[in-house]
Structures are given as C-alpha cells and as structure tokens.
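# Summary of the model geometry
Here is what each chain is made of, one letter per residue.
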Amino acid sequence: MRWDDLFEDLGAQLELLERQERAAEVAEHTRSERGTVRLADRLAAALDGPLRVRVRGYGWLEAVLRDVGTDWLLLEQGGGQGAPSRELIVPAAALTAVEGLTRRADDGESVGSRRFGLRHALRAVSRDRAVVRVHDVDGDHVTGTLDRVLADHCDLTRHADDEPRRPGSTRGVLSLSYAAVALVRRL
C-alpha cells in the first residue's frame with residue numbers, strides 16, 4: 001500500500017512539474033510575440049477612436065485617428081458644436097507618445113493605406129491645393145500651400161492663411177525636410 005501512495009505522489013509531482021514547464025513556455029512565447037508588435041499595428045487597431053498624442057515640437061493634442069500609413073497617421077481634430085473639423089498628418093518620427101490605445105494590434109492587412117508613405121499623403125494634400133500650416137519639430141510653424149512633394153523634402157509656397165494662393169499674395173517658397181516636419185494641419 002505504501003508503494004502505491006509513493007507512486008501516486010511521484011506521478012502528481014511529475015504532472016505539476018509538466019504544467020509549470022508548459023506555463024513557462026507559454027509565458028515566454030507570449031513575451032516573444034509581444035516583442036514583434038509595432039506601434040503602427042496598435043494604431044491601426046485603434047482606427048476611428050479618440051486618442052491623445054504627443055508630437056515633437058507641438059505638444060499634446062486630442063483627436064480621432066482616421067488612418068495610418070507606413071510612416072504617418074491621419075488625425076481629425078475638432079468638429080464639435082457646428083465647428084468644422086481639421087485634418088492633421090503626423091509623421092511617425094514626430095510622434096513621441098500615445099494615450100488611449102488598447103492592447104489590440106492589427107496584422108496590417110485591414111488598412112489599405114498602410115502601404116503608402118508620408119510622401120503619398122502629402123502628395124494628396126498638394127493635389128487638393130489646400131492651405132496648410134506646417135509645424136516643425138523645433139516648435140515653429142509656417143502657412144501656405146504645398147506645391148511640390150519630392151524625395152526627402154517638400155516645397156511650400158508661403159502665404160497668409162486667410163488668402164488663397166495667388167502670385168501677388170505669396171511670400172516665397174520654403175523647402176521643408178521631412179525629418180523636420182512634426183505636423184501638417186489642413187486649415
């Protein structure tokens with residue numbers, strides 16, 4: 001009888017040890033998988049949700065996430081109580097913190113624009129001939145119309161934000177490095 005008790009005890013100890021090893025493997029696998037999740041994946045899972053983001057040279061802002069590209073995000077700010085909303089393009093390199101993300105991550109397949117880079121987004125703004133205010137990572141800003149979107153910079157024709165782009169109202173052309181752009185706000 002004592003042998004039976006001993007073998008049962010050994011069997012229980014072995015089963016407990018196997019469960020502990022499996023739990024450790026699952027925990028390690030989970031940690032390893034988490035190490036592959038990128039911020040863009042988590043942002044893509046938060047589409048159409050409110051976020052609070054910190055942008056280098058600009059500070060904190062609250063907005064709704066509308067789209068995510070390979071190296072940029074599109075935010076919509078305002079629009080409450082009859083006021084028009086404003087679209088903001090934020091290069092991922094200028095993003096320093098995000099508040100309001102869930103633990104979910106997107107696999108990258110559900111958002112078609114994730115294959116497009118910052119140049120593609122700025123090219124769309126340029127085609128619209130929209131008046132924009134560009135904030136840089138040092139905290140300065142300039143207003144005008146994006147005229148040319150090039151490989152590593154864009155040309156902005158400067159003019160007052162309440163005037164359309166006309167030859168007599170322009171104040172010059174400023175070439176802006178993408179590395180210095182913190183935020184592009186459609187006015």
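Now for a look at the structure at hand.

What counts, and at which threshold
- Residues numbered from 1 in each chain as written.
- Predicted model: local features only at pLDDT ≥ 70, side-chain atom pairs only at ≥ 80, totals over all residues.
- Heavy atoms only, no water.
- Helix = DSSP H or I, 4+ residues; strand = E, 2+ residues; numbered from the N terminus.
- Buried < 20%, exposed > 50% of the residue type's maximum accessible area, 1.4 Å probe, protein only.
- Areas by Shrake-Rupley, 256 points an atom, 1.4 Å probe, with all protein chains shown as cover.
- Phe/Tyr/Trp six-rings, centres within 6.5 Å; stacked < 30°, edge-to-face > 60°.
- Lys NZ or Arg CZ within 6 Å of the ring centre and 35° of its normal.
- Contact = heavy atoms within 4.5 Å.
- Pairing = 2+ DSSP bridges.

## Observations regarding the overall build of the chain
Helices and strands together make up the secondary structure of the chain, namely 3 helices and 10 strands. What you see in the chain, going N to C, is helices and strands ordered as α-α-β-β-β-β-β-α-β-β-β-β-β. In the chain, which comprises 187 residues, the proportion classed as buried is 35%. Entry remark: accessible area of the chain is about 11,700 Å², with carbon and sulfur atoms responsible for 49%.

## Here we look at the packing of aromatic side chains
According to the stated counting rule, one finds 0 aromatic pairs in the structure shown. Sitting over the ring of W60, R52 keeps its end group 4.2 Å from the ring centre.

## A few points about the environment of V173
Tracing the backbone shows V173 in strand β9 (residues 173–177). V173 gets classed as exposed once you look at its relative accessible area, which sits at 56%. C-alpha of V173 to C-alpha of R158: the two residues are 15 residues apart in sequence and 5.9 Å apart in space. Those residues in contact with V173, other than ones at most four positions away along the chain, are D155, L156 and T157.

## Some points on the pairing of strand β6 (residues 131–136)
Burial runs high along β6: 5 of the 6 residues are buried. Of the strand pairs in this sheet, β6 and strand β7 (residues 141–149) are connected by 5 bridges, and their pairing is antiparallel. Counterpart to R133 in the pairing with β7 is T143. In sequence, β6 turns back onto β7 through a hairpin of 4 residues, with G139 there showing a positive phi of about 100°.

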